[in-house]
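Given next are the chains, with one letter for each unit.
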Amino acid sequence: MLNIFSAPGRYIQGADATAYLPKELKRLGVDGSALIVTSATPRQQLETLWHQSFQQQGLNIEIFDFGGEASFEETAKISRRAQESQVSVIIGVGGGKVLDTARASADKLNLPVVCCPTTAASDAPCSTVSVIYTPQGVFESCLFSRRNPDLVIVDTSIILKAPLRGLVAGMGDALATFFEADACYRAGKMNILGGSSTLCARMIAQLCYATLLKDGITALKDAQAGVLSPSFDRIVEANTLMSGLGFESGGLALAHSLHNGLTAMTETHVFMHGEKVAFGALVQIILEARDENILSAVLTFCCSVGLPITLSDIGLPSLTQEQANKIAQLTLAPHESAHNEPFALTAGQVTDAIYRADACGQAFKSSYASAGT
Ligand SMILES: [Zn+2]
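The residue numbers shown here count from 1 along each chain, following its written sequence. In keeping with the predicted nature of the model, local features appear solely for residues at pLDDT of at least 70, side-chain atom pairs appear and are counted solely at 80 or more, and the whole-chain, interface and lining totals rest on all residues. Computation of side-chain values: all heavy atoms of the structure, hydrogens and water removed.

## Things to note about the coordination of the zinc ion
The condition that has to hold: Sodium, potassium and calcium take a 3.2 Å donor cutoff, other metals 2.8 Å, and in both cases only N, O and S atoms count; water is not among them, so sites may look incomplete. Segments assigned H or I by DSSP are reported as helices when at least four residues long, segments assigned E as strands when at least two residues long, and all are numbered from the N terminus. A simple rule labels every residue: compare its accessible area, found with a 1.4 Å probe on the protein chains alone, to the largest value its type can have, and call it buried under 20%, exposed over 50%, or partly exposed in between.
Distances from the zinc ion to its protein donors, namely D173 (OD), H256 (NE2) and H273 (NE2), fall within the range 2.1 to 2.2 Å. All donor residues of the zinc ion come from one chain, and their arrangement in sequence is D-x82-H-x16-H. Here H256, found in helix 9 (residues 254-262), pairs with H273, found in helix 10 (residues 273-287); they are 17 residues apart in sequence, far enough to count as distant. With relative accessibility at 9%, the residue H256 sits in the buried group.

See below:
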């Protein structure tokens, strides 16, 4: 099997980075018009700046108001508008669904795509994958674009204004990155790109985990205080760049499959992707019988930043055996990345690990509370 690694063409992160967008487009060779796909809040925050800065570079913009769902219907609308206006680039500015739809539309037309996330809630911005839903919001499929975004611009001044829960959920998504990439490597399984992981991808996944443990709590406190600090900056990079490269070029394993299984429970729908993935990571660590020190570090980290470690934390305080079994069956569906674990799994083992993770989380919470931390 070949080693395969992929990444966005260029990644730029920093305070007020949006101002550099038109200049970067020129550098990419873009001229004429750009289509910006965005939602209400970023439009309100950035529209004046877009008009000014694009005009300075002699570029025109058209703005497409995102309809709310990353569906094939929405992708078709954006592609039609891009063709009618003969734009030479599509730029997504917003959350994961906006970026996914912009990426899928650009791929359809073979146009360059730029992703400008306005929250650090997931590892989607740097990747090739778009998650497509029906217009009613039910998962439909994963679309793989031919290339990673040509440019990713992460404006930390904008990310700082986003709800804190997104930053924490992004840390949950990033927490699973090392454990999943490591499982794939140990099992000799493929990454998302259909190859083996490189040393580089493995190191990025390790650095992602180390950065979370070192800077996660401080970054959250700084964000609560509205301070753009070095820790905040590093966590935005861990959630967006390291986790993005780590999952795509390192591979996924049980944590994300368990997340997918959990989505069958309507009670979990109010929880963010990264929150459910964090619980998935805990289940994976239990199943792999990882070292006690690792388990304790993960539980401490999750508890400190407010990531789920019990079934109650993800809306399932009284999960029945039947429900747990359903989650386990879905976790082990043939297409799922749970099969990238270095050993074969049965539904019974997954069910058992879900309850053991919950018990571990509950015990940890009571000791954490009695320690008064
Ligand atoms: Zn994820």
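## A word on the domain arrangement of the protein
Note the threshold: Domain segmentation is taken from an automatic or database assignment of domains. Should any heavy atoms of two residues lie within 4.5 Å, those residues are counted as being in contact. The term buried area means the drop in 1.4 Å probe accessible area that two parts suffer when joined, counted for both and summed. Criterion for a salt bridge: a side-chain nitrogen of Lys or Arg within 4 Å of a carboxyl oxygen of Asp or Glu. A 3.5 Å cut-off defines polar contacts: any pair of N or O atoms within that distance qualifies, except that in protein one atom must be a possible hydrogen donor and the other a possible acceptor, and neighbouring residues in sequence count only when both atoms are side-chain atoms. Side-chain classes are defined by residue name, with Ala, Val, Leu, Ile, Met, Phe, Trp, Tyr, Cys and Pro counting as nonpolar, Asp, Glu, Lys and Arg as charged, and the others, Gly among them, as polar.
Each assigned domain of the protein is listed here: domain 1 (11-160) and domain 2 (164-370). Computed from C-alpha atoms alone, the centre-to-centre distance between domain 1 and domain 2 is 27 Å. Every contact between the two is made by 21 residues of domain 1 and, on the other side, 22 residues of domain 2. Across the domain 1 to domain 2 interface the summed buried area is about 1700 Å²; carbon plus sulfur atoms make up 65%. Taken as a group, A120, D123 and L160 account for 37% of the area that domain 1 buries against domain 2, more than any other trio of residues on that side. Viewed at the interface, domain 2 and domain 1 are joined by 0 salt bridges. Counting across the domain 1 and domain 2 interface gives 7 residue pairs in polar contact (both at pLDDT 80 or more). Sorting the residues of the side of domain 1 that touches domain 2 by element identifies strand 1 (11-14) and helix 5 (156-161) as the ones contributing at least two each. It is helix 5 that provides the largest number of residues to the side of domain 1 that touches domain 2, a total of 4 residues. Classifying every residue of the side of domain 1 that touches domain 2 by side-chain character gives 12 nonpolar, 8 polar and 1 charged.

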